[in-house]
Each structure stands twice: as C-alpha cells, then as structure tokens.
Amino acid sequence: MTAQILPALASRAFLREIRVLVPLALPLMLGQLFGIGTDVIISIFAGHLSADVLAAVALGSSLWIVVFMAVLGLMMSLQPAVSALDGADRGHEAGHLLAQGLMLGFTAGIVGGLLLALGGLAFARATHLPPAVLPGVASFLHAAAWSMPALGLLAACRGLSEGLSMTRPTMICGALGLVGLVPTAYVLIDGAHLPLFGVLPGRGAQGAGLAIAFVFWLQAAVYFGWVRLSGRYPATAWRRSAWSPDWRVLGRLLRVGAPIAVTIVLEVCMFSVATLMAGRFGTVAVAAHQIALMATAVSFMVPLGLSQAVTVRVGRAVGQGDPVAVRHAGLAGFAVMAACECVSCALMLFLPNTIAGLFTHAPAVIALSASLLTLAAFFQFADGAQVVAMGSLRGLPDTRVPMLLAMLAYWLLGVPLGAWLAFGRGLGVPGIWMGLMGGLTVAAALLTTRFLRATTPQLRP
C-alpha cells in the first residue's frame, strides 16, 4: 500500500488537488474557528464571572453539544449528495435536496431542543454531578435548547452551499455570529447598564444559553436569506412542489446521515463523559478540563473544516466517476492536515500557561490546564487524521462501517482506559486525557486504513 501511496503524492494531479483543496477549505476552516469562537467567548465570560458559573456552563455544554452534533451529523448527508450531483453536472437538481433538507433539519432541531429542555437535567442528576452546579446546568440547557431548530436550518443551507463548492457564506456567517455574540454574551452573562433599558442584571449560565441561541438564529436567518436572494443557487428549491415530503430523498439522507450522526455523537460523548468524570474531582478539575478541552476544540476546527472540503472533493470525484481523483482528494486532505497540526502541536507544547491564562486567573486552574494541554499536544495528529479520514469516507459515501470502527476506538478503548487511569490508577484528570489519546489514535489508524483500502487501485491481470 505504501508503494502505491508515494507515487501518488509525487504526481502532478495530487499537487493540483492541493491547489484546489486549500482555497476551498480555508473559508470552512475559518467558519469552524468562528463557530468554536462562540464557545470560547462564552467560557471566557463565564470563567471571569466565577468558577461555579464556568463549571455549570462546562457541564451543561457537555450535554448540549451531544444533541448539537447529532443534529449537525444527520444533516452532513446533504453535502456529499449535493457534491455528487455537482460532479455529474446535475447541480441544478440540488434545489430539491435543499427543500427536503430544510424540512428534515427543522424537524430534527425541534426534537433535539425538546430532548435538551425535558431530559437534560434528569441526565445531569443521574451522573451524580455536584449539587451546587445543577441549577446552573438546568438554566443553561433550557435556554440553549432554543438554538436547535436554528441549527437544523443553518446546516441545510450550509450543505447546499458547500456541496456546490461555495464555501465563503459559511465563513461570513460565522464571522457575523461571532461579532454579534460579544456584546450579547456580555450583557446576558455579566449584566450591563444600557441607556435605553437601564440596568440589566447578568443571568450567568442562563445568559450563556440565551446568547448561544441568539447567535444560531442570527446565522440561520442570514444564511437562508443569502441562499434565497443571491440568485447563485438552484431556483427549484422555491417551487411549491419541492416542499412536499419526498420520502425517497428523505430516506436516503437518513440512511447516510444517521450513521454520521451516531459516529460524531460517539466521539462527542467520549469527551462529554470525560467532562462528567472530571466533575467528580471538584470545581478546579472540571474548570481546568474545560479550558484544555476548549483549546483543543479550537485547534480541531482546522482539520474539521478541512475534512468538510475533502468530503466535497471526494463526492465530486465520485459523481465524475474518477477513482484516481477520489484517492488524490483524500490524500491531499491528509497532507494539508499534517502541515496544520504541526502548528497546533507546537503552540500547546510551548505556550500552555499562556493559553490557559486567557480563560482564568486562578493559579490552580492554570497549572492543571497547562499539564492537560501538554498531553493534548501529542494527539493532535491522530485527531486530525481521524477526522480527515472520516470526511473522505463520507464523500464515497461510506458511513456505516466507520461508525462501528469509531465505536470500537472510542468506547471499547478510550473511555474505559481513561476511567481506569483516572480512578483505578489514581491519575485524576490527566488519566482521563491519556484515555482520550488512546481512543483517538486507534480511530485514526482504523479509519485511515479503511479509506486507503477502499481507494487502492485494482490490479489488472
């Protein structure tokens, strides 16, 4: 297999693919960074208000993100479907997919919001979190639940635009949401005196949830308006006939999207369970864990955005019926990922205290956060490789077996290993992170191998 990969990396077609991939991926990378910037800003405001508020937001977010990623993962089926149509010169048919996607996304968002509002606190209680943070967790979840229907609409619009290789709207909407979040989060979390409204008291964790909901509805409205009014997208989306449920199309989106959603939720749940386990070690431990997790999440947005571009390129090559281009698209993603992860690894190794100091002034939290970031530096390449491999496989589309491989890596290795090291061996929160490293490394190896085998040229007799 190595003998087949090296010539491909040296070919002109591979270099051309990188030149196409990078400008396609950059807006998606920036869009993801703007998106995670929402969580960073929320954590900064909450952390500077008090450690208790930060802990409540961290634990509430660990539950919110599970439902968030389930809805988002389900909607990721739209992107490769659109890109395959585009590769086959049938991009004009994607308007029908958008209409079906909007209905699917809004419905999934309503279900997700209800799950958060009605079941989130019960789950938090069942995990034996510290009683002091439960009221904050509940208020955060009830407010953040309103973001879910907006997420479904936003994801559908993104799936169409990105599938057609138009990625700049994602970046622009992400930047707009980040700009709107700063004053909103400041007022809702900390409180402020506004000339026309007087003194508005801070709402702490509840304000954090409301700020998140505001940002997603703002982004959904802007993206939907752009798709509807710009004239750059298929007009068939706005015909009355497109809005009748097409059970064949919806079934196909669900068959591809459901395994994607489960796969993403498996990974997110691994981190969420890690946060819940960290909560057993006290407020300082969970605050430090959240800071390190937020910093690694920021770095993860780069390969995540890249993986979405790889999905588009692989899906387009599939639509063109070009297996060589499929392989080159995936390999180009791995090459760009490796270059990007060198930067994030160096930052975490050499500036851990500086990164932690952006979130808090508490010396104990900074010290523990820095040690966790040093550990995180060593799994940056594995984390990047597994998400790029997953994006490549989605473009094929191959989603069911990767789901099973992720389950094996995350839940039969990562979580049990982290729990054993943390509680059985007495390593505490660092032991949890060592388990995460093991799970992500195995996932990267399994998923990368599957893509390479799926795209290995068949030998002719």
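Residues numbered from 1 in each chain as written. Predicted model: local features only at pLDDT ≥ 70, side-chain atom pairs only at ≥ 80, totals over all residues. Heavy atoms only, no water.

(A) Representation of the overall build of the protein. Along its length, the protein carries 17 helices and two strands. With the C-alpha coordinates of the protein rotated into their principal frame, the extents come out at 65 × 55 × 35 Å. Looking at the protein as a whole, 59% of its 461 residues qualify as buried. Partitioning the contacts of the protein with sequence separation of at least 6, the portion at a separation of at least 24 is 84%. Counting every atom, the protein has about 18,800 Å² of accessible surface; 70% of that belongs to carbon and sulfur. Of the charged side chains in the protein, 25 are positive and 14 negative, and the gap between their average positions amounts to 6 Å. (Helix = DSSP H or I, 4+ residues; strand = E, 2+ residues; numbered from the N terminus. Buried < 20%, exposed > 50% of the residue type's maximum accessible area, 1.4 Å probe, protein only. Contact = heavy atoms within 4.5 Å. Areas by Shrake-Rupley, 256 points an atom, 1.4 Å probe, with all protein chains shown as cover. Lys, Arg positive; Asp, Glu negative; His and termini not counted. Charge placed at Lys NZ, Arg CZ, Asp CG, Glu CD.)

(B) Up close: the packing of aromatic side chains. Tallying each qualifying case throughout the model produces eight aromatic pairs. Each ring, one from F224 and one from W238, has its centre 5.6 Å from the other, and the planes form 85°; the classification is edge-to-face. One end of the pair, F224, is in helix α9 (residues 204–229); the other, W238, is in the loop between α9 and α10 (247–279), with 14 residues separating them in the sequence. In this structure F224 comes out as partly exposed when scored by relative accessible area, which is 33%. Through successive ring pairs, a cluster of aromatic residues spans W64, F68 and F216. (Phe/Tyr/Trp six-rings, centres within 6.5 Å; stacked < 30°, edge-to-face > 60°.)

(C) Inspection of helix α11 (residues 283–320) at higher detail. If you check α11, its first and last C-alpha atoms are 54 Å apart, about what 38 residues at 1.5 Å a residue would give, namely 56 Å. At F300, α11 shows its maximal kink, close to 30°; a proline, P303, follows between one and four residues later. Taken across its 38 residues, α11 has 31 buried, putting it largely inside the fold. Immediately beyond the C-terminal end of α11, within one or two residues, lies G321, with a positive phi of roughly 70°. (Expected span 1.5 Å × (residues − 1). Bend = angle between axes of the 7 residues up to and from the residue.)

(D) View of a nonpolar patch on the surface. Together, F106, I110, L114, L118, W146 and W217 line one region of the surface with nonpolar side chains, adding up to about 680 Å² of accessible area. It is helix α5 (residues 94–126) that contributes the most residues to the nonpolar patch, four residues altogether. Among the secondary structure elements, L114 is positioned in helix α5. Given the relative accessible area of 49%, L114 is considered partly exposed. (Patch = residues over 30% accessible without salt bridge, like charges linked within 9 Å, V, L, I, M, F, W, Y side chains within 5 Å. Salt bridge = Lys/Arg side-chain N within 4 Å of Asp/Glu carboxyl O.)

(E) Main features of the packing of helix α12 (residues 323–350) against helix α17 (residues 429–454). For the pair α12 and α17, the least separation of the axes is 10 Å and the interaxial angle reads 155°. Between α12 and α17, the angle falls in the class roughly antiparallel. Relative to α17, α12 is oriented so that their crossing is left-handed. Between α12, through V326, R327, G330, L331 and F334, and α17, the contact on the second element is made entirely by T448, F451 and L452. A class-by-class count of the residues in the contact of α12 with α17 yields five nonpolar, two polar and one charged. (Axes fitted to C-alpha atoms, helices over the stretch in contact; angles between N-to-C directions. Parallel < 35°, antiparallel > 145°, perpendicular 65-115°, else oblique. Left-handed = near helix turned anticlockwise from the far one by under 90°. Nonpolar A, V, L, I, M, F, W, Y, C, P; charged D, E, K, R; others polar.)

(F) View of the side chain of T170. When you line up the elements, T170 lands in helix α8 (residues 168–190). Polar contacts involving the side chain of T170 include one to the side chain of Y223, which spans 2.9 Å. When residues no more than four places from it in sequence are discounted, the contact partners of T170 are L28, G31, R158, E162 and Y223. (Polar contact = N/O pair within 3.5 Å; in protein donor to acceptor, adjacent residues only side chain to side chain.)

(G) Representation of the confidence of the model for the protein within the structure. Mean pLDDT for the protein: 86, with 93% of residues reaching 70 or above. Across the protein, the secondary-structure element scoring lowest on mean pLDDT is helix α1 (residues 2–9), at 53, and the one scoring highest is helix α7 (residues 147–163), at 95. (pLDDT = per-residue confidence, 0-100.)

(H) Layout of the pattern of salt bridges. Under the criterion given, the structure shown has five salt bridges. For D398, the salt bridge is made with R450, and the minimal N-O distance between the two is 2.6 Å. With D398 in the loop between α15 (380–395) and α16 (400–424) and R450 in helix α17, this pair connects stretches of sequence that are 52 residues apart. On the accessibility criterion, D398 (14% relative accessible area) is buried. What makes R450 partly exposed here is its relative accessible area of 29%.

(I) Spatial organisation of the packing of α15 against α17. Where α15 contacts α17, the axes come no closer than 8 Å and their chain directions differ by 35°. For the pair α15 and α17, the crossing hand works out as left-handed. Only L440, T441, A443, A444, L447, T448, R450 and F451 of α17 make contact with α15, whose side of the interface consists of A382, D383, A385, Q386, A389, M390, S392 and L393.

(J) Fine view of unusual backbone geometry. At the junction of L396 and P397, the peptide bond is cis and its omega measures out at -10° in the coordinates. Checked against the element boundaries, P397 lands in the loop between α15 and α16. Positioned with a positive phi, D89 is a non-glycine residue whose angle comes to about 60°. Relative to the assigned elements, D89 resides in the loop between α4 (78–87) and α5. We classify D89 as exposed; its relative accessible area is 67%. Not every positive phi belongs to a glycine, and S165 is a case in point at roughly 65°.

(K) Representation of the nonpolar core. Judged by nonpolar contacts, the single largest core of 122 residues is most densely connected at I42, W64, F140 and L306. The contacts of I42, once residues within four sequence positions are left out, are V57, L181, A185, I189, A208, A211 and I212. Counting 31 residues, the second-largest nonpolar core is a separate cluster that includes M270, C345, A406 and V429. (Core = buried A, V, L, I, M, F, W, Y, C linked by side-chain atoms within 4.5 Å.)

(L) Expanded view of α10. By the largest-angle criterion, G257 marks the main kink of α10, which is about 30°, and a proline, P259, follows within four residues. Counting buried residues in α10 gives 25 out of 33 residues, a clear majority hidden from the surface.

(M) Layout of a positive patch on the surface. A surface patch of positive charge is lined by R248, R252, R255 and R400. Of note, R255 is situated in helix α10.

(N) Quick look at the environment of S61. By the element assignment, S61 lies in helix α3 (residues 51–75). Put simply, S61 and A208 are 147 residues apart on the chain and 9.9 Å apart in space, counted from C-alpha to C-alpha.

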